[in-house]
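# Coordinate analysis (summary)
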Amino acid sequence: MSGIRVRIAPSPTGFFHIGNAKTALINWLFARSKGGTFILRLEDTDTERSKPEYADIVCEALKWLGIDWDEGPSFRDEPERGAYGPYRQSERKHLYLQEANRLLKEGKAYKCFCSKEELDAERERARIEKRPPRYSGKCRNLTEKEIRAKEGLPYSIRFKVPPGVTEIDDLIQGKVVTDHTEFDDFIIVKPNGDAVFHLAVVVDDGLMKITHVIRGDDHLTNATRHVMLFRALGYELPQFAHLPMVLDEKGQKYSKRLHGANVLDWREDGFLPEALVNYLVLLGWTPGDDREVFSREELIEAFTIERLGKSPGKFDYKRLLWLNGQHIRKLTAAELCERVLPILRKAGFDVDAFPKEWLIQMTAICQDRIPTLNDIIGYTDFFFVEPQSYEEKAVNKHWRKEPQNAVQTLEKIRNMIEETSDFSHDGLKATFEQKAAAEGVPVAHFIHPTRLALTGKSVGPGLFELAALLGKEKCLQRIERALAFVRTIEETKI
Ligand code: GLU
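Cut-offs and rules
- Residues numbered from 1 in each chain as written.
- Predicted model: local features only at pLDDT ≥ 70, side-chain atom pairs only at ≥ 80, totals over all residues.
- Heavy atoms only, no water.
- Near = heavy atom within 4 Å.
- Polar contact = N/O pair within 3.5 Å; in protein donor to acceptor, adjacent residues only side chain to side chain.
- Areas by Shrake-Rupley, 256 points an atom, 1.4 Å probe, with all protein chains shown as cover.
- Nonpolar A, V, L, I, M, F, W, Y, C, P; charged D, E, K, R; others polar.
- Phe/Tyr/Trp six-rings, centres within 6.5 Å; stacked < 30°, edge-to-face > 60°.
- Helix = DSSP H or I, 4+ residues; strand = E, 2+ residues; numbered from the N terminus.
- Buried < 20%, exposed > 50% of the residue type's maximum accessible area, 1.4 Å probe, protein only.
- Lys NZ or Arg CZ within 6 Å of the ring centre and 35° of its normal.
- Salt bridge = Lys/Arg side-chain N within 4 Å of Asp/Glu carboxyl O.
- Pairing = 2+ DSSP bridges.
- Axes fitted to C-alpha atoms, helices over the stretch in contact; angles between N-to-C directions.

## Regarding the site of the ligand
Every residue lining the ligand is accounted for by Arg 7, Ala 9, Pro 10, Ser 11, Glu 43, Phe 197, Val 201, Arg 215 and His 219. Within the side chain of Ser 11, an N or O atom sits 3.2 Å from a nitrogen atom of the ligand. A distance of 2.8 Å separates an oxygen atom of the ligand from a polar side-chain atom of His 219. Within the complex, 82% of the 300 Å² of free accessible area of the ligand lies under protein. Among the residues making up the shell around the ligand, the classes are represented as four nonpolar, two polar and three charged.

## Concerning the packing of aromatic side chains
Evaluated as defined, the whole model comprises 22 aromatic pairs. With a centroid separation of 5.4 Å and an interplanar angle of 80°, the aromatic rings of Tyr 254 and Phe 315 are classed as edge-to-face. Taken together, the residues Tyr 254 in the loop between strand S10 (246–247) and helix H8 (263–268) and Phe 315 in the loop between strand S11 (313–314) and helix H11 (317–330) connect sequence positions 61 residues apart. There is no split in this pair, since Tyr 254 and Phe 315 are both buried. Their ring planes at 70° and their centres at 6.0 Å tell us that Trp 285 and Phe 294 sit as a pair that is edge-to-face. In this structure, Trp 285 and Phe 294 share a single accessibility class: buried. Here a set of aromatic residues connected by ring pairs shows up, and it is made of Tyr 254, Trp 266, Phe 271, Tyr 279, Phe 315 and Tyr 317. Geometry around Trp 69 places Lys 63 over its ring, the cationic atom sitting 5.1 Å from the centre.

## Quick look at the pattern of salt bridges
Per the counting criterion, the structure on display carries 38 salt bridges. A salt bridge links Arg 76 to Glu 60, with the nearest nitrogen and oxygen atoms 3.4 Å apart. Placement of Arg 76 in the loop between helix H2 (52–65) and helix H3 (93–105) and of Glu 60 in helix H2 is noted, with a sequence separation of 16 residues between them. According to the relative accessible area criterion, Arg 76 is exposed, its value standing at 56%. The partner of Glu 60 in a salt bridge is Arg 267, with the nearest N and O atoms 2.8 Å apart. Remark: Arg 267 occurs in helix H8 and Glu 60 occurs in helix H2; sequence separation between them is 207 residues. For Arg 267, a relative accessible area of 34% gives the class partly exposed. If you follow the salt bridges from partner to partner, you end up with Arg 7, Arg 41, Glu 43, Arg 92, Asp 204 and Asp 205 in one network.

## A closer look at the sheet that holds strand S7 (residues 187–189)
Here we have three strands laid out as an open sheet, ordered S3-S4-S7, and antiparallel in their pairing. Looking at strand neighbours, the two that pair on one side only are strand S3 (109–112) and S7, the edges of this open sheet. Taken over all neighbouring pairs, the strand axes of this sheet differ in orientation by 45° on average, direction set aside. Pairing of S3 with strand S4 (residues 156–159) involves four bridges; the strand directions are antiparallel. Considered in S4, the bridge of Ala 109 is made with Phe 159.

## Observations concerning the pairing of S4
Residues Ser 156 and Arg 158 point to one face of S4 and Ile 157 and Phe 159 to the other, with burial holding for every one of them. Strand direction decides the pairing type here: S4 and S7, joined by two bridges, are antiparallel. Paired with Ile 157 across the strands is Val 189, a residue of S7.

Taken by themselves, the reported measurements are silent on function.
Listed below in structure tokens is the structure:
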């Protein structure tokens, strides 16, 4: 292991957002590509909004994406791991108070006794005078005697912002220089004893020996405060890298309300985690060559922090869908089968009544065609249940226009199927091709009505493959059913 230590610190206040997933992924790739340590830390200090079930959702989303953590909190039956725990902020309150008290003792922070009413009035004055709302610094220089006189009163702890400027060499944003006059003495511990985010995050990063803080650029404006605190607390300063946000297809911040904002929506929609990982990385990182499809291992191999971009990535559903297809094709048929079986079971199909080998073949004939795992349902449902209806548009095209001819064609198809002794893809193909040649028609003339009769649809896996898997007996039954159906069309027409 190298000395590199990175972390993600999501707040478990809802689902795991796609933007968090991208941040997690970049941190994880950085750690994995450098032999570093990737840490999961839950920022659950907001007791009203944080819930244990949300923490589970964060962990589950990470697990689904294959982003494994080296150190982090317990999850289901997995114990907490790592030497720098606990990894939940709610269990680290004593550390924040200990460090805040140290700052107090060292004269780098002070107790502020100003009441909420006083502070509100101060803010209101600033608003009327069109000044930025800043704390006046009233309690900054209280004497020992004055402080003693206020003993027993509620107080917050404020950080004494030192004079000067902070310069951050952000690995993505470049040099960011901020004058400290832009800040007032900010609160680090509230009167109820709770640490404020800025203190908690710095104490955690300092004590956990984080070497690189890689997070969303919505935290860039916090970074100066954090650097000041790092210095005051005497911790080693990490390097910062602030990643641009993920935008939706319209170029707006990816709203929590949009479908897909929740990482696990993509699982529901039949996307492979490896495709989402591939896609999210490419939203903010370029490989430096024209490759687009990467496995996790290839990403780890190719990843460098230098090629992370500064401009926000706009979500492109079509590209994600395309990548999903590419990753579906990269699996072995047996692997893909394992992934689609639960989906088929959930859809109510009795897949377990079929031999494994047959199920793998069924998956294989769809592998080049399905864009998402969920599409397996529409591509294979007819194997499990007889088509209940025929696609209207295809019926009009192949059967309704000239029902008499359609009946004749279906009869020829029935005979062909009956006569095919080698009921394999090749055997069926040969029969159909010979017949088409003999009749002087394109083979499509027989293929489309057969597909409609066997599957009820106009798209699906290759006809000869699916017919072979369905078996002669079922094929014949379905052709007979289609014949009966077309005959009723014919009769009602007359
Ligand atoms: N809890 C913060 C967030 O979810 C993370 C802060 C940080 O990474 O420093 O945005």
